[in-house]
Every structure is written in structure tokens, then in C-alpha cells.
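So you can see what is in the structure, the chains are spelled out below.
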Amino acid sequence: MISNFDQLDLTKRYSYADYISWTFKERVELFRGWVKKMSPAPNRRHQSISWNLSGELVMFLKHQKCTAFTAPFDVRLMGKPSKITNSPDTIYSVVQPDICVICDPSKLDEQGCLGAPDWIIEIVSPGNTKKEIDDKYQLYEENGVREYWIIQPTDETVTVFELKEDVYQFKKIYNNVDKAPVGIFPGFEVTLSEVFRS
């Protein structure tokens, strides 16, 4: 039984079966079996953006079949849909996106989401490295997340990627005066001045 983060062997690959047995308080994610310690609690700016964006989503999604979740919320990723299994010892990627939207209710269970959400939004924290951002980009792309937004609080920008034929296509960088259209929901735009409002 691992009850302290320091007991982990960071040179070893772990599965979701291991992940759910750990009892330490630190939040971690698994990237293809490798443990990534998450940043400390998000700062006030990060939380404000998450709250504001969640408010925009709540208003829109109450008329949709899709559901939004905010971290901490486990998303278990297995690669292409044909590889998806619910066996904890064969799952090697578990992430906690800042916000995710899932439109297929069969992917939801008591543990979170099994399979790719339709839309993931990550809000960059001061502790995030370029490697961490790149790792998530690749993981979300190979698992079929249809739309991926990266929010930069310091620049007040949103970088949008849409999945086309299994590859992310860069769509645009939007700033705080723009309305950012959501590709998976035609006609829905996020008012970024509201998202970045202090």
C-alpha cells in the first residue's frame, strides 16, 4: 500500500489499478503509465477563469445532452476507441483536465470518464512546463478528443485545436475581446471578455 508520494518509483510505469490504490494527498496524473505530479492548488486567477467559463457552459449545456466536469475529475484514456477497456490494470493514462465536456453518457461511470471527452479545456498554470503542455496535446490527439482549448491567463488568450482525420488542426488564437466559436457546437460562441473578467 502506497500512502506517501515519496514511496513511488518514478522510473516505473503504473496502471490505473495502481493509481486507485494510492492513499496520499498529492494529486497526480498518469501519462502512458508515467507519474506526473500536478501543480499545487491553482491560483486565484486560474480559478476565476475556470469559474467564469463554467458559468458560460452551464447556461449553454442545460439545453444539450452533453455534461461538463471540472477538476478534480478522472478521465481514463486508452488510445483509439477499439482499445478501450474498463480493466484498471490495462489503463495507463489518467488525467484531470481543468474542464471537460462529454456528450456520450456511456463513457461516464462512478470513477469519472472512460474514453475521450468531446472537448477539453486546460488553463495554463505558472508551474506548467512546455513538455507538460506538449504531452497533453499528444495524448488528447491520439485519444480522439475532438476539440482542445489551451487558455493562457497571463496573455488572456485561447488557442483552439480541432481534430480532423485523427490529427489536430490549429484553428486560431483568440484574445480577450473575441468571441470564440466552439467547433463541436455550431452556433455557440464563448465571450472571452466574460471568461477573463476578474
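In case you missed it, the structure is sitting above this.
Thresholds applied
Residues numbered from 1 in each chain as written. Predicted model: local features only at pLDDT ≥ 70, side-chain atom pairs only at ≥ 80, totals over all residues. Heavy atoms only, no water. Phe/Tyr/Trp six-rings, centres within 6.5 Å; stacked < 30°, edge-to-face > 60°. Helix = DSSP H or I, 4+ residues; strand = E, 2+ residues; numbered from the N terminus. Buried < 20%, exposed > 50% of the residue type's maximum accessible area, 1.4 Å probe, protein only. Lys NZ or Arg CZ within 6 Å of the ring centre and 35° of its normal. Disulfide = S-S within 2.5 Å. Salt bridge = Lys/Arg side-chain N within 4 Å of Asp/Glu carboxyl O. Polar contact = N/O pair within 3.5 Å; in protein donor to acceptor, adjacent residues only side chain to side chain. Contact = heavy atoms within 4.5 Å.

S.K.: Can you break down the packing of aromatic side chains residue by residue, with the values?
M.R.: Applying the stated rule across the entire model yields 18 aromatic pairs. Seen in terms of ring centroids, phenylalanine 5 and phenylalanine 24 are 5.8 Å apart; in terms of plane orientation they differ by 90 degrees. Their pairing is edge-to-face. Of this pair, phenylalanine 5 sits in the segment before helix H1 (16-19) while phenylalanine 24 sits in the loop between H1 and strand E1 (28-31); the two residues are 19 residues apart in sequence, bridging distant segments of the chain. There is no split in this pair, since phenylalanine 5 and phenylalanine 24 are both buried. What links up through ring pairs into an aromatic cluster is the set Phe5, Tyr14, Tyr16, Tyr19, Trp22 and Phe24. Positioned over the ring face of tyrosine 92 is arginine 13, at 4.6 Å from the centre of the ring.

S.K.: Please provide a residue-by-residue account of the state of the cysteines, values included.
M.R.: Evaluated as defined, the whole model comprises 1 disulfide. A sulfur-sulfur distance of 2.0 Å marks the disulfide that ties cysteine 66 to cysteine 103. Residues cysteine 66 and cysteine 103 are joined by a disulfide whose S-S torsion is about 105 degrees; by sign, that bridge is right-handed. Here cysteine 103 lies in the loop between strand E6 (99-102) and strand E7 (108-109) and cysteine 66 lies in the loop between helix H2 (44-61) and strand E3 (67-70), a separation of 37 residues in the sequence. By the burial criterion, cysteine 66 is buried, and cysteine 103 matches it. There is no disulfide at cysteine 113, and the cysteine sulfur nearest it, in cysteine 100, is 6.3 Å away.

S.K.: Give me the lowdown on the pattern of salt bridges, citing residues and values where you can.
M.R.: Evaluation of the coordinates by the stated rule reveals 11 salt bridges. One salt bridge in this structure joins aspartate 134 and lysine 130, with 2.7 Å as the shortest N-O distance. Of this pair, aspartate 134 and lysine 130 both sit in helix H3 (residues 130-143), 4 residues apart, roughly one helical turn. Among the residues examined, aspartate 134 registers a relative accessible area of 29% and is labelled partly exposed. Lysine 164 serves as the salt-bridge partner of glutamate 162, at 3.7 Å between the closest nitrogen and oxygen. A single salt-bridge network, built from bridges that share partners, covers Glu29, Glu122 and Lys136.

S.K.: Tell me what's going on with the side chain of glutamate 29, and back it up with residues and numbers.
M.R.: Structurally, glutamate 29 is set in strand E1. Glutamate 29 sits in the buried class, given a relative accessible area of 5%. Only 2.6 Å separates the side chain of glutamate 29 from the backbone nitrogen of glutamine 96, close enough to count as a polar contact. Aside from chain neighbours lying at most four places away, what touches glutamate 29 is Trp34, Val35, Lys36, Met38, Val94, Val95, Gln96 and Lys136.

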